[in-house]
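Chain by chain, the residues:
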Amino acid sequence: MKTEEQYDVILKRIIMLLNTDNRSDIQEDELLNLYQQIENYTIFDFTHFTNSN
């Protein structure tokens, strides 16, 4: 599976879990794990927040 496809699958699962009422502890753990996986795919670039003169 391509990286983009993996990213998409993870995001869809996160959204599904966030929309689930009364998540179980296992689902909460899965959600945390998915967030951590997303960090592996995301590159944070904060340069657009800086004001260079």
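Data block above holds the structure.
Overview of the structure. Here the residue numbers are simple positions, counted from 1 along each chain's written sequence. Thresholds applied to this predicted model are a pLDDT of at least 70 for local features of residues and 80 or more for the giving and counting of side-chain atom pairs; totals over whole chains, interfaces and linings are not thresholded and use all residues. Excluded from the side-chain calculation are hydrogens and water; included are all heavy atoms of the structure.

### Things to note about the overall build of the chain
So, point 1. Counting its regular elements, the chain contains two helices and zero strands.
So, point 2. Put simply, the chain has 53 residues, and 11% of those count as buried.
So, point 3. Only the protein chains shown count as cover for residues, with accessible areas throughout obtained via the Shrake-Rupley method and a probe of 1.4 Å. As displayed, the chain offers around 4700 Å² of accessible surface, 52% of which is attributable to carbon and sulfur atoms. The secondary structure listing takes helices from DSSP runs of H or I that are at least 4 residues long and strands from runs of E that are at least 2 residues long, numbered from the N terminus. Using a 1.4 Å probe on the protein chains alone, a residue whose accessible area is under 20% of its type maximum counts as buried, one over 50% counts as exposed, and one in between counts as partly exposed.

### Here we look at unusual backbone geometry
So, point 1. Phi is positive for N22, which is not a glycine, with a value near 55°.
So, point 2. Along the polypeptide, N22 turns up in the loop between helix 1 (3-18) and helix 2 (25-41).

### Details of the pattern of salt bridges
So, point 1. Any Lys or Arg side-chain nitrogen found within 4 Å of a carboxyl oxygen on Asp or Glu counts as a salt bridge. This structure, assessed with the given rule, holds three salt bridges.
So, point 2. Across the salt bridge formed by K12 and D8, the nearest N and O atoms sit 3.1 Å from each other. Separated by four residues within a single helix, K12 and D8 lie in helix 1, roughly one turn from each other.
So, point 3. Close ionic contact of E30 with R13 constitutes a salt bridge, the shortest N to O distance being 2.7 Å. Highlighted residues: E30 in helix 2 and R13 in helix 1, separated in sequence by 17 residues.

### Here we look at the nonpolar core
Across soluble globular proteins, nonpolar side chains have a tendency to be buried as a group.
So, point 1. Nonpolar cores are built from buried Ala, Val, Leu, Ile, Met, Phe, Trp, Tyr and Cys residues. Side-chain atoms within 4.5 Å join them into one set. Counting residues in hydrophobic clusters, the biggest one holds six residues: I10, I14, L17, L31, L34 and I38.
So, point 2. When contributions to this core are tallied by element, the ones reaching two or more residues are helix 1 and helix 2.
So, point 3. By definition in these notes, contact holds between two residues if any of their heavy atoms fall within 4.5 Å. Setting aside chain neighbours within four positions, we find I14 in contact with L31, L34, Y35 and I38.

### Regarding helix 1
So, point 1. A helix is expected to span 1.5 Å for every residue after the first. An ideal rise of 1.5 Å per residue puts 22 Å on 16 residues; helix 1 measures up with 22 Å between its terminal C-alpha atoms.
So, point 2. Taken together, the buried positions of helix 1 are occupied by I10, I14 and L17. Along the axis of helix 1, the buried residues cluster in a sector spanning 65°; they form a single face. Facing away from the buried side of helix 1 by more than 90 degrees, the exposed set consists of E4, K12 and I15. Here, the arc refers to the directions that run from the helix axis to the C-beta atoms.

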